[in-house]
Amino acid sequence: FTTILAPFGTRHRSAFARSSTAIDATAVFFGTSTGNTEEVADLIVAKLNELGHEAPEPICVDGVVGDLKTEFSKYEALIVGTPTWNTGADTERSGTAWDEVYYGELDDLDLSGKNVAVFGLGDQISYGENYADATGELHEVFSKLGCKIFGATEIDDSYEHEASKAIKDGKFCGLLCDQVNQDDLSEDRVDKWVKQLVSEGFMSSGGAAAAPAASAPEPVEAIEAPPASKPAVEVIHSRDGWVGHDNGESTLWVNSENRRESYLTKN
Ligand SMILES: Cc1cc2nc3c(=O)[nH]c(=O)nc-3n(C[C@H](O)[C@H](O)[C@H](O)COP(=O)(O)O)c2cc1C
């Protein structure tokens, strides 16, 4: 068996497709019934990209039910969005696949320390007593999982609701939009909010996805130069589900969540 001496850090990235530092920074996940939440998700991704923060196209949660563990582990930070439906109930108010995953699949994930920001859509005129309630539920679910929540917003004069479960400690727990009555305000709200997330350090590394797992090998000493050539790769199945790819000079460990750690090895 190989002896682990040191991690590659970013220096040996060319030897492998990705390293643990190459995890994508931010992704926007949303649920929707009639498309409004997707519209705002699109605005958020466009603004992230405009500000130089790479993010893939928004990901509809319906498409990743059953595979959230894999999908979430690809990103350091998650922006999650929901509409609100069905006035009155305390839980399962999104009317989307979020309701299905909140108290089952999501509950089973270790998202402790992950950076999360929430946004929500509602109709503050027709449902003024329950404006965007489901955003509050989304916030609660991710908070209880130990996520670091960013992006609470001031309730300024542009909002006309009476009450909302998305209000926590006198603020909205994230970005609230209203494509039914105030679609003309969404772009500015998104602009302001994404800049706020940047200033809060939301996109900085340090989320759970980048933290070393308990079962990962301990790094000891960094090395300076990449190997001159890449020998044949030996695959090692070991370490609590981690699979090692040893090219004779180094080992890339990959776990079941597609987490990657690179280490110098010595036979
Ligand atoms: C039957 C029904 C119930 C709704 N209930 C609420 C509600 O309780 N609170 C709220 O803010 N908006 C409510 N809405 C408005 C939707 O949340 C709003 O139209 C939202 O933009 C829909 O987003 P989506 O297109 O992404 O599904 C309701 C709409 C309908 C048709």
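Figured I'd write up the structure that's included with this text. As the structure is a prediction and not an experimental result, all values here were calculated from the model.

### Quick word on the overall build of the protein
Scanning the protein from N- to C-terminus turns up five helices and 13 strands. Across the 267 residues of the protein, 48% fall into the buried class. Nonlocal contacts in the protein, meaning residues at least 24 apart in sequence, comprise 70% of its contacts between residues at least 6 apart. Accessible surface, the protein as shown: approximately 12500 Å² in total, 47% of it carbon and sulfur.

### Topic: the packing of helix H1 (residues 36–50) against helix H5 (residues 183–199)
As a packed pair, H1 and H5 sit with axes 9 Å apart at the nearest point and diverge in direction by 45 degrees. In terms of their interaxial angle, H1 and H5 are classed as oblique. Where H1 crosses over H5, the handedness of that crossing is right-handed. Between H1, through Val40, Leu43, Ile44, Lys47 and Leu48, and H5, the contact on the second element is made entirely by Ser186, Glu187, Val190, Asp191, Trp193 and Val194. When grouped by side-chain class, the residues that make up the contact of H1 with H5 number seven nonpolar, one polar and three charged.

### Focus: helix H4 (residues 133–144)
For H4, built from 12 residues, the straight-helix expectation of 16 Å at 1.5 Å per residue is met to within 8% by its first-to-last C-alpha distance of 17 Å. For H4, the buried fraction is high: nine of the 12 residues fall into the buried class. For H4, the full list of buried residues reads Asp133, Ala134, Thr135, Gly136, Glu137, Leu138, His139, Val141 and Phe142. In the stretch just after H4, glycine 146 is the one whose phi turns positive, near 85 degrees.

### Things to note about the site of the ligand
Taken together, 20 residues sit near the ligand, with Thr32, Thr34, Thr37, Thr84 and Ala132 positioned nearest. In the model, an oxygen atom of the ligand is placed 2.6 Å from a nitrogen or oxygen of the threonine 32 side chain. Measuring from an oxygen atom of the ligand, one finds a backbone N or O atom of serine 33 at 2.8 Å. Coverage of the ligand by the protein chains reaches 84% of its 640 Å² of free accessible surface. When grouped by side-chain class, the residues that make up the shell around the ligand number seven nonpolar, 11 polar and two charged.

### Let's talk about the nonpolar core
By size, the foremost hydrophobic cluster in this structure holds 31 residues, and its most contacted members are Phe29, Phe72, Val80, Trp98, Leu106 and Phe142. At the level of secondary structure, the elements contributing two or more residues to this core comprise strand S2 (24–30), helix H2 (68–73), strand S4 (75–83), helix H3 (97–102), strand S5 (115–121) and H4. Listed in part, the 22 residues of the second largest apolar core include Leu48, Phe150, Leu175 and Val194.

Rules used in this analysis
- Residues numbered from 1 in each chain as written.
- Predicted model: local features only at pLDDT ≥ 70, side-chain atom pairs only at ≥ 80, totals over all residues.
- Heavy atoms only, no water.
- Helix = DSSP H or I, 4+ residues; strand = E, 2+ residues; numbered from the N terminus.
- Buried < 20%, exposed > 50% of the residue type's maximum accessible area, 1.4 Å probe, protein only.
- Contact = heavy atoms within 4.5 Å.
- Areas by Shrake-Rupley, 256 points an atom, 1.4 Å probe, with all protein chains shown as cover.
- Axes fitted to C-alpha atoms, helices over the stretch in contact; angles between N-to-C directions.
- Parallel < 35°, antiparallel > 145°, perpendicular 65-115°, else oblique.
- Left-handed = near helix turned anticlockwise from the far one by under 90°.
- Nonpolar A, V, L, I, M, F, W, Y, C, P; charged D, E, K, R; others polar.
- Expected span 1.5 Å × (residues − 1).
- Near = heavy atom within 4 Å.
- Polar contact = N/O pair within 3.5 Å; in protein donor to acceptor, adjacent residues only side chain to side chain.
- Core = buried A, V, L, I, M, F, W, Y, C linked by side-chain atoms within 4.5 Å.

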